[in-house]
Amino acid sequence: MSFRRYMLLAFAGATQCLAQNATKPNIVLIFPDDQDFRLGSTEHMPILQKELVQKGTQFMNHYATIALCCPSRASLLRGQAAHNTNITNVDSPGGNYAKFMVSKENDDYLPHWLVAAGYNAEYIGKFMNGYTRALYMNPPKGWTHTDMLVDPFTYLYNNVVMSQNGETPIHYKGFHQLDVIRVKALDRLDYLAGQNKPFYLTIAPATPHVEAIDGLPTPQTRHKGSADGLQVPRGGNWNASQESQDQKPSWLKELNYLNAAQAERIDNHYRARVATLQGVDEIIQDVVDRLDKLGILNNTYIIYTSDNGYHLGNHRVAAGKSLPYREDTNMPLIIRGPGIKADATSYAPSVHYDFPPTFLEIAGVKSEDLPPFLDGQSRLANWQNPDAVLETCPLNGTQEVINVEFWGGGNLENPLQLKPSDIGNNSYKTLRITGPEKGYLYSKWCTNEEELYDTTADPYELTNLAADPQDESTKQLLNRLNALLLATKSCADATCRNPWKLLQPEADRRGTIVADDASLTITCLGQAMDPKYDAHFNDTALFPRVAFQECMEYQYVPNEQPFLPADPGLGMQYRAATDNYVTPSVSGAALILRNAVDQGGPEQRNVTLAQIMAKAVALTQAQIGQVS
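Keep in mind it's a predicted model, so treat the numbers as computed, not measured.

Draft legend 1. Looking closely at the packing of helix α7 (residues 177-193) against helix α9 (residues 260-293). Here α7 crosses α9 at 15 degrees, and the two axes come no closer than 10 Å. Here α9 runs roughly parallel to α7, going by the angle between their axes. With respect to the hand of their crossing, α7 and α9 are arranged in right-handed fashion. Residue-level inspection shows Leu 178, Arg 182, Leu 186, Leu 189 and Asp 190 of α7 in contact with α9, the latter providing Thr 276, Gly 279, Val 280, Glu 282, Ile 283, Asp 286, Val 287, Arg 290 and Leu 291. Its residues assigned to classes, the contact of α7 with α9 comprises seven nonpolar, two polar and five charged.

Draft legend 2. Here's a closer look at the sheet that holds strand β18 (residues 616-618). Taken together, the 11 strands give an open sheet; going across it, the order is β11-β2-β10-β9-β1-β8-β4-β5-β6-β7-β18, and neighbouring strands pair in mixed fashion. Every other strand in the sheet has two partners, leaving β11 (344-346) and β18 as the edge strands with one partner each. Shown here is a sheet whose adjacent strand axes are inclined to one another by a mean of 20 degrees, direction ignored. Across four bridges, the pairing between strand β4 (residues 120-125) and strand β5 (residues 145-149) is parallel. Within β5, the residue paired with Tyr 123 across the bridge is Thr 146. Together, β1 (26-30), β8 (199-204) and β9 (300-304) form the strand contacts of helix α11 (residues 355-362), whose direction differs from that of β9 by roughly 170 degrees.

Draft legend 3. Local environment of the sheet that holds strand β14 (residues 428-434). Pairing is antiparallel across the open sheet formed by four strands, whose spatial order is β13-β14-β15-β16. The sheet is open, and its two edges are formed by β13 (401-406) and β16 (450-454), each paired on a single side. The mean angle between the axes of side-by-side strands here comes to 10 degrees, regardless of whether they run parallel or antiparallel. Where strand β15 (residues 439-445) meets β16, five bridges bridge the pair, whose relative direction is antiparallel. Residue pairing in the sheet places Tyr 440 in a bridge with Asp 454 of β16. Relative to β14, helix α13 (residues 472-488) is tilted by about 110 degrees, and along the sheet it contacts β13, β14, β15 and β16.

Draft legend 4. Examining empty space enclosed by the protein more closely. Tallied over the full model, the rule gives three cavities of 30 Å³ or more. Considering only enclosed or pocket space, the second largest cavity measures out at about 50 Å³ in volume. Secondary-structure elements contributing two or more residues to the lining of the second largest cavity are α3 (69-78) and β8. Per element, the largest residue contribution to the lining of the second largest cavity is three residues, and it comes from α3. Of the residues in the lining of the second largest cavity, the class split is seven nonpolar, one polar and one charged.

Draft legend 5. Region of interest: the layout of surface pockets. Considering only enclosed or pocket space, the largest pocket measures out at about 900 Å³ in volume. For the largest pocket, the lining is made up of 37 residues, of which Val 90, Asn 129, Tyr 155, Ala 212 and Ile 213 are closest to its centre. Partitioning the lining of the largest pocket into residue classes produces 15 nonpolar, 15 polar and seven charged.

Draft legend 6. Representation of the pairing of β1 in the model. Of all five residues making up β1, five are buried, and the element is well covered by its neighbours. Of the two faces of β1, the one lined by Asn 26, Val 28 and Ile 30 and the one lined by Ile 27 and Leu 29 are each fully buried. Here five bridges tie β1 to β9, and the two strands are oriented parallel to one another. Paired with Ile 27 across the bridge in β9 is Tyr 301. Alignment of β1 against β8, held across four bridges, turns out to be parallel. By the bridge assignment, Ile 30 is partnered in β8 with Ile 203.

Draft legend 7. Highlighting unusual backbone geometry. Here the bond from Thr 207 into Pro 208 is cis, since omega is 0 degrees, no more than 30 degrees from zero. When you line up the elements, Pro 208 lands in the loop between β8 and α8 (242-245). At the junction of Gln 561 and Pro 562, the peptide bond is cis and its omega measures out at 10 degrees in the coordinates. Along the chain, Pro 562 falls in the loop between α17 (557-560) and β17 (586-587). Phi at Asn 239 takes a positive value of approximately 50 degrees, unusual for a residue other than glycine. Within the secondary structure, Asn 239 sits in the loop between β8 and α8. For Asn 239, a relative accessible area of 19% translates into the label buried. The phi dihedral of Asn 448 is positive, around 65 degrees, even though this residue is not glycine.

Draft legend 8. Just the confidence of the model for the protein chain, in detail. Residue-level pLDDT values for the protein chain average 95, and 96% of them are 70 or greater. The element-level mean pLDDT for the protein chain is lowest in helix α1 (residues 3-20), coming to 46, with β1 highest at 99.

Draft legend 9. Inspection of the packing of helix α2 (residues 46-53) against α9 at higher detail. For the pair α2 and α9, interaxial distance at closest approach is 8 Å and the crossing angle is 35 degrees. Between α2 and α9 lies a crossing of left-handed hand. Contacts between α2 and α9 involve Pro 46, Ile 47, Leu 48, Glu 51 and Leu 52 on the former and, on the latter, Gln 278, Asp 281, Glu 282, Ile 284, Gln 285 and Val 288.

Draft legend 10. Looking closely at α11. By the criterion of burial, α11 is predominantly enclosed, with seven of the eight residues buried. Here α11 has its buried residues at Phe 355, Pro 356, Pro 357, Thr 358, Phe 359, Leu 360 and Ile 362. Residue Gly 364 follows α11 closely and has a positive phi angle near 85 degrees.

Draft legend 11. Seen up close, the state of the cysteines. Going through the model one piece at a time under the given rule, you end up with three disulfides. Between the sulfur atoms of Cys 393 and its disulfide partner Cys 524 the distance amounts to 2.0 Å. Here the S-S torsion is close to -105 degrees, and the disulfide linking Cys 393 with Cys 524 is therefore left-handed. Remark: Cys 524 occurs in the loop between α14 (494-497) and α15 (525-528) and Cys 393 occurs in the loop between α12 (380-384) and β13; sequence separation between them is 131 residues. Since its relative accessible area comes to 23%, Cys 393 is described here as partly exposed. On the basis of relative accessibility, which here comes to 2%, the residue Cys 524 falls in the buried class. Put simply, Cys 491 and Cys 496 are joined by a disulfide, and their sulfur atoms are 2.0 Å apart. Every disulfide takes its handedness from the sign of the S-S torsion; for Cys 491 and Cys 496 that torsion is 85 degrees, giving right-handed. In this structure, Cys 491 and Cys 496 share a single accessibility class: buried. Between Cys 69, a free cysteine, and Cys 70, which holds the nearest cysteine sulfur, the sulfur-to-sulfur gap is 8.2 Å. Its relative accessible area of 0% is what places Cys 70 among the buried residues.

How each quantity is defined
- Residues numbered from 1 in each chain as written.
- Predicted model: local features only at pLDDT ≥ 70, side-chain atom pairs only at ≥ 80, totals over all residues.
- Heavy atoms only, no water.
- Axes fitted to C-alpha atoms, helices over the stretch in contact; angles between N-to-C directions.
- Helix = DSSP H or I, 4+ residues; strand = E, 2+ residues; numbered from the N terminus.
- Parallel < 35°, antiparallel > 145°, perpendicular 65-115°, else oblique.
- Left-handed = near helix turned anticlockwise from the far one by under 90°.
- Contact = heavy atoms within 4.5 Å.
- Nonpolar A, V, L, I, M, F, W, Y, C, P; charged D, E, K, R; others polar.
- Pairing = 2+ DSSP bridges.
- 1 Å grid on protein atoms, 1.4 Å probe; cavity = no way out; pocket = protein on both sides within 12 Å on 5 of 7 lines; lining within 4 Å.
- Points joined across faces, edges and corners; volume = space filled by probe spheres on them.
- Buried < 20%, exposed > 50% of the residue type's maximum accessible area, 1.4 Å probe, protein only.
- pLDDT = per-residue confidence, 0-100.
- Disulfide = S-S within 2.5 Å.

Okay, here's the thing in structure tokens:
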């Protein structure tokens, strides 16, 4: 964070602190890993339904803008699209925790801003991929307390290793990860409630991510068998028809029909995910109960979402994420708290990088004091007014336009399905139109194949209208969406919030950023489709086709030209260069044994922190290994 902006925020926080800290709302973000929304996993979480859905508001059009763990988390924490954070994957060269440090984004993101606004800011659980034994001593900056899962143990539910505030990692023997994180979170709530300051706390279990690389997630033993008999939803795009699959791009069109063994594995996977999520349900229950006991429940926002979604058999992909389709990007978002309507549903669109400006508005930070590089906008008004009628043609473009993007290879987390030869060709640029009357999904892949789905008539995204567009109206729609995608893939701050600022038809404003939203001639796709704008959007000199030179594992500007504007910046003004950065690793580390038997029995449902710590041991230097 720049010194000047930090001081402005700190001064604003200090001047409000004495009078308002007792009443400023707290924020608790419960943030599981890889949880689906469209496969119905939240419907099998009875406590989530009772304590959050029935007592809060569920947001049906909330999206992750990149369907992969680390870049999605970086986007949420920085309030930027992934093309502006340049954290684009889970390992080098695309990105991981090491890249987050080298880029100096670690110096200027959400916890710094909240602390400057007078908050304690704490984080428990999974932070980013790449927080390893080689980097544990460099914990994420800005937080007033951290207790992070350490790779490569993050996805080993019965082999829990965590580092508190960058200290020597601790091995929590004899317990399941979910119980360790749950008990630690309750302990921190007790502490935070006594500090006479508002607080922000992220609780981030790795559940229901696969175990290790492609193993089924392991539930606490008290929940084993709790999902027996469940089956992943069939129909729609599950094990899609050959006609539909032939229209898919890149490696997807190579996939055969799922066979019986693969389908059985998919159902077992679904049951394992639901069973592990029962432990997250317990976290919700205990957090609600503890906040109530502490007398601060009614002044605390509880937010439930995930980093990205998940598919199980959709479009014939047996398991994984990384695709632009609804299963991977449409996220659960349920919010309970001050001013939030109970048992309500909202269809207002939002994305992960809207969280920082929303949290900062809750914290009382004025709009003029916000970090200048934020791509998102506060959604607090939407949170507090879920029944508001969405305008057919909104002035603000992000009431209908959502940018989604990806770099690198596809993701296939089922050992029974062979990876296609070109699964590495999975980079794409995508946008969604989520208007109240009409919706579309439009993608351009690194293979330079196009996709267009009318998501109102075709919600499962099966019929690719771009495969062979014959009618003039589809061709004109594609031209508009290409121009819009050219803007969203290049956007920064104001143009991410409203990409129509770049697409105005007047001769003196064509291809420039219009500052005044109120002066815009075109503010939505419906207006843009007027035939009088055909020549404007058909101008290939102004709006060349979105393209890739080749499929690459990371963002490389020459590979992704053209942009609009031609020199888009891509957030480089606000981060350090990361060319050829190195991810440290460890070698020669001694084996750390998992629990001899799976843990999490009923006797551990109410385990205390003292009982957990009685069995915990610090890693030895031999177990940490040599950093290289």
